[in-house]
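Reading the structure
Here's the letter readout for the chains.
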Amino acid sequence: SPAELQRFMTQFMAEQEQRWLDESIPALGGRTPRQAAADPVEREALIRLLRSFPDTDDPTQMSGRRLRAALGLGDR
């Protein structure tokens, strides 16, 4: 059903976002987003990367806003 699909996609995307926070990202020189957020120099590269994600509230899409919040970066 459409409601079941929506629930599945919402859960899947939440898991994807959480996993992404701890993945080695080539655009961050192989660092994870959490590592980059903790490093004042790398943080700027992370913020630029996060700006490429849509700032959506749609729970079925990766959201720059949710990722920034998870990393403690607020609305940067």
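Presented here is an overview of the structure given in this document. No experiment lies behind these values; they were computed from the predicted model shown. (Residues numbered from 1 in each chain as written. Predicted model: local features only at pLDDT ≥ 70, side-chain atom pairs only at ≥ 80, totals over all residues. Heavy atoms only, no water.)

1. Description of the side chain of Thr-32
If you trace the backbone, Thr-32 turns up in the loop between helix 1 (2–20) and helix 2 (33–38). Under the relative-accessibility criterion, Thr-32 is labelled buried at 12%. In contact with Thr-32, other than residues within four places in its own chain, are Leu-21, Asp-22, Glu-23 and Ser-24. (Helix = DSSP H or I, 4+ residues; strand = E, 2+ residues; numbered from the N terminus. Buried < 20%, exposed > 50% of the residue type's maximum accessible area, 1.4 Å probe, protein only. Contact = heavy atoms within 4.5 Å.)

2. Thoughts on the pattern of salt bridges
One pass over the full model with this rule turns up 5 salt bridges. Notably, a salt bridge pairs Asp-22 with Arg-34, separated by 2.7 Å at the nearest N-O pair. In this pair, Asp-22 is assigned in the loop between helix 1 and helix 2 and Arg-34 in helix 2, connecting sequence segments 12 residues apart. Of the charged contacts, one joins Arg-68 and Asp-55 as a salt bridge, the two residues approaching to 3.0 Å between their closest N and O atoms. Placement of the pair is Arg-68 in helix 4 (residues 64–70) and Asp-55 in the loop between helix 3 (40–51) and helix 4, with a sequence separation of 13 residues. (Salt bridge = Lys/Arg side-chain N within 4 Å of Asp/Glu carboxyl O.)

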